[in-house]
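# Inside the fold
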Amino acid sequence: MAIHHVTAPVAGAAARTRPPEPFKERAARPPEPGPVRSGRPPEPFGNRAARPAGSRAALLVLADGRFPAGGHAHSGGAEPAVKTGRVRDAATLEEFCRGRLHTAGLTAAALAAAAAAGLDPLVLDEAADARTPAPALRAAARRLGRQMMRAARAAWPSPELDALAAARPRGAHQPVVLGLAARAAGLAPLDAAYASAYEAVSGPATATVRLLSLDPFDATAVLAHLAVDLDQVAGTAAEAAARAVREGAEALPAPSAPLLDITAEQHATWPVRLFAS
Amino acid sequence: MHLDHGNDFPERHTHSAEAIRPDGTRRALRIGLGGPVGTGKTATVAALCRALRDELSIAVVTNDIYTREDAEFLLREAVLPPERISAVETGACPHTAIRDDISANLEAVEDLEDQVGPLDLVLVESGGDNLTATFSRGLVDFQIFVIDVSGGDDIPRKGGPGVTTADLLVVNKTDLAPYVGVDLEGMARDAKAQRGDLPVAFTSIKAEGGVRPVSDWVRERLAAWTAENAAA
Amino acid sequence: MTVPTAPPPAALATGFGVRAAARVVAVPDGRGSTGLPVLEGEGPFALRRLRSAGREARACLVGAMSAPLGGDALALSATVADGAALRFTTTAATIALPGRTGAPAAYDTRLDVGEDAVLRWLPEPLISAGGSDLRMTTRIDLAPSARLVYREEQVLGRAGEDTGRLVTRLTVRRAGRPLFDQELAYGPGAPGWAGGAVLGGYGAVGQLIVVDPAFEERPVERTLLGETAVLTPLAGPAALVTAVAPDALCLRRHLDAAANLMDW
């Protein structure tokens, strides 16, 4: 696996590892008519034949903040962070998002990539439970997973989605469903990791605009600043998923953020709140 | 490719929108109630429950800006047993939850039907929002838009999707008209101009029997819908 | 860096660091208590037998030299056989220190608890000294009827000092299935760790895990323990206390309060 070390152009940031570059591979691929792509470049791991080749643009649909899967009602921990003053402006929002991205975000992105790579979604669902110690966050993940399932089955009908919906009628963990949706859309594990990782920061950023009346341009700039981190997390997640294909789900990373877990439980007891989590 | 499921699209994701559920039973009629803040949506829901609960099996889904406020009002008023009231959290955007991303509401409706058994009617109440907030047709069969006279008699003339397209426009708090200098006949004319043949109910929900025009309309809708889907 | 799973013949000082292992085996002694037929350590590990209490054997780790230093590879294992009970403590905090080469240190702990066996693993905190770099992994395998209390406390930097780099992974499996899996990463190279999502400026973080088949019937209820600690049920017969605190003392108070709540 080719990994290029580059120095990030962010002041004060350490050199970051860049993920494998599917964009270049894909850009080099000549456009083909029709839905079947034959000249697809070699993929990092197997299980590709079982699913349809899709359009890369499906990633835009999946990662769109307007994808109707319930995310708008969740703050990703931003609501309690705003209340305690830990998030109070664009700078603290950025550090919050960076921390969330490299912890809960990476965990979710790796689960999503693994589901897209064809790992057993029920094994991944169990791995997600073990990686989500806060019951409020397990409940939110399953609720969002069920909502994601509804949207995904409408957008990309697939027997694999049907099977998971039947096996987990109350909802599987959202990253697992997202990864399986990406797979149904013909997207690659890295694509699923990108969608999941981006969601880990776009949720809190959008919520903070509502909670703090933060300037939406500042919030968008925060997301733009996190692009290098997003590349890194998505790349790490996809590599881990490739390892998990060979070694099992335990090879997936499990980074965690103590304050997100603690404050999620506090938030769940609030009688009055704007966001579901 | 698995994309050619033309025969069951789009019912696949909104399968709950079909009148007949997978187990062969008929699902409940779903009616949405929207409208600006403070016009009496929750009071209308409460009054409808009181008027209809002896003849129909009813449940309510609320969509609040703040968690549970409306659900708790309904609980306090004891218009329905608690297991028949469900609150959807909307992330400060009720109009998103009833129109753009209805997934949480669909789940709440389905869960109510699963948990309390066959229902005749589910009322989906939106949190107070602006004049453009309407319900998705994927979520409700009919929608009621509630405005009141104290918001000004020019609201029907201004129109907007809620006023123009709702299946029933309720103009509430008519008892206040003399105090706020509102011309009810003018409002009726403007509404007629905006809505054509769609009905308008002038009410004072809090008065004795005030909900009658609304509950009668709901009964008619339910009867027609039931007849239509029994034939199908 | 790979760490030997079986103890090496002797502490081996390579040019870059120490490789050392320690091992405890607890078995029922046939008289209603627990014996420790294996209690061996080398290099920085010195293990002592303490007076047992009822069914429970007690072992204590005495730090015999400064470790882990960068480049060290330490392995610690405990096996609690079916029906045995073991309590493990340390005499002092473990301090991760920088090595000569900047290489990370590895500290791997492997715990196996058999049927109807009990392990109480209650070491003193780990302190991550400025400039240190430690990768810590702990893997716990529990039989279905095993019970566990496991405490982990991390203090980020000594007084008035920045923290080193600390990356830990704790995996608990029960009956071969994952029960709890968590990585924590703090200090240089862990993006956003000091921000509002991860530690929010707190310098001490810890957790207490209790696994008890009795929770299957009667799970713990979510309990908020002040502003920065919470007791929660895991997805399985287990409870977790997660806490952050300004210092080790406050942290211990949170964990002790939760342990009392659970009668452990």
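The structure this text deals with has already been given above.
A brief look at the structure comes next. Being a predicted model, the structure only gives us computed values, none of them experimental. (Residues numbered from 1 in each chain as written. Chains lettered and ligands numbered in written order. Predicted model: local features only at pLDDT ≥ 70, side-chain atom pairs only at ≥ 80, totals over all residues. Heavy atoms only, no water.)

## Quick word on the pairing of strand β5 (residues 142–148) of chain B
Residues and elements named next belong to chain B. Just so we agree on the cut-off: Think of it in three bands: residues with accessible area under 20% of the maximum for their type are buried, residues over 50% are exposed, and the middle band is partly exposed, with areas taken using a 1.4 Å probe on protein chains only. Secondary structure elements follow DSSP: runs of H or I no shorter than four residues count as helices, runs of E no shorter than two count as strands, and numbering proceeds from the N terminus. A pair of strands is labelled paired if DSSP reports no fewer than 2 bridges between them.
Along β5, seven of the seven residues are buried, which leaves the element largely enclosed by surrounding structure. Residues Phe142, Ile144, Val146 and Asp148 line one face of β5 and the alternating positions Gln143, Phe145 and Ile147 line the opposite face, and both faces are buried. Two elements, strand β1 (residues 29–34) and β5, share four bridges in a ladder whose sense is parallel. Within β5, the position partnered with glycine 34 by the bridge is phenylalanine 145. For β5 and strand β6 (residues 168–172), the ladder comprises five bridges, and the chain directions are parallel. By the bridge assignment for β6, phenylalanine 145 is matched with leucine 169.

## Comments concerning the packing of aromatic side chains
We describe a pair of aromatic rings using the distance from one ring centre to the other and the angle between the two ring planes. Condition: Note on aromatic pairs: the rings of Phe, Tyr and Trp (six-membered ring only in Trp) are paired at centre separations within 6.5 Å, and the planes decide the class, stacked below 30 degrees, edge-to-face beyond 60, tilted for the rest. Look at NZ for Lys and CZ for Arg. If either is within 6 Å of the ring centre and within 35 degrees of the ring normal, a charge sits over the ring.
This model, assessed by the stated rule, comprises five aromatic pairs over all chains. Summarising the aromatic geometry, the rings of Phe67(A) and Trp156(A) are spaced 5.9 Å apart at their centres and angled 20 degrees between planes, so their arrangement reads as stacked. Taken as a pair, Phe67(A) in the loop between α2 (58–63) and α3 (78–83) and Trp156(A) in the loop between α6 (135–155) and α7 (159–167) lie far apart in primary sequence, 89 residues in all. The cationic tip of Lys83(A) hangs over the ring face of Trp270(A); the distance from NZ or CZ to the ring centre is 4.3 Å. Looking at Arg221(B), its charged tip hangs above the ring of Phe142(B), at a distance of 5.7 Å from the centre.

## Brief notes about the pairing of strand β4 (residues 121–125) of chain B
Residues and elements named next belong to chain B. With five of five residues buried, β4 lies mostly within the body of the structure. Here β4 shows no split at all, with Leu121, Leu123 and Glu125 on one side and Val122 and Val124 on the other all buried. Sheet topology note: the β1/β4 ladder contains five bridges and is parallel. Each residue of the ladder has a partner; that of leucine 29, found in β4, is leucine 121.

## Observations concerning the pattern of salt bridges
Which entries qualify depends on this criterion: Between Lys or Arg on one side and Asp or Glu on the other, a salt bridge is scored when a side-chain nitrogen of the former is within 4 Å of a carboxyl oxygen of the latter.
Under the counting rule described, the total for this entry stands at 47 salt bridges over all chains. For Arg50(B), the salt bridge is made with Glu77(B), and the minimal N-O distance between the two is 2.9 Å. You can see Arg50(B) sitting in helix α1 (residues 41–52) and its partner Glu77(B) sitting in helix α2 (residues 69–77), a full 27 residues away along the chain. Each member of the salt-bridge network shares a partner with another, and the members are Arg146(A), Arg150(A), Arg170(A), Glu107(B), Glu110(B) and Asp111(B).

## A look at the state of the cysteines
Here is the rule we go by: Disulfides are defined in this document as cysteine sulfur pairs within 2.5 Å.
Evaluated as defined, the whole model comprises zero disulfides over all chains. Of all cysteine sulfurs in the structure, the one in Cys97(A) sits closest to Cys93(B), which takes part in no disulfide; the separation is 18 Å.

## Structural notes on the side chain of Glu183(C)
Counted only if it meets this: Distance and chemistry together define a polar contact, namely a pair of N or O atoms within 3.5 Å, with one atom able to donate a hydrogen and the other to accept it when in protein, and with adjacent residues in sequence counting only for side-chain atoms on both sides.
Structurally, the position occupied by Glu183(C) is in strand β15 (residues 177–186). A distance of 2.5 Å separates a polar atom in the side chain of Glu183(C) from the backbone nitrogen of Ala254(A). At 3.4 Å, the side chain of Glu183(C) and the side chain of Arg169(C) are in polar contact.

## Quick look at the nonpolar core
Note the cut-off: Here the nonpolar core consists of buried residues drawn from Ala, Val, Leu, Ile, Met, Phe, Trp, Tyr and Cys, with membership extended through side-chain atoms lying within 4.5 Å. We call two residues in contact when some of their heavy atoms are within 4.5 Å.
In this structure, Leu62(A), Leu124(A), Leu252(A) and Leu86(C) are the most contacted members of the largest nonpolar core, which totals 126 residues. Ranked by residue count, the leading element in this core is helix α4 (residues 90–116) of chain A, at 13 residues. In this structure, Leu124(A) is in contact with Leu111(A), Ala114(A), Ala115(A), Leu119(A), Val176(A), Ala249(A) and Leu252(A), ignoring residues within four places of it in sequence. Of all hydrophobic cores here, the second largest spans 34 residues; its members include Leu48(B), Leu121(B), Ile205(B) and Val218(B).

Don't take any of this as a statement about function, it's just geometry.
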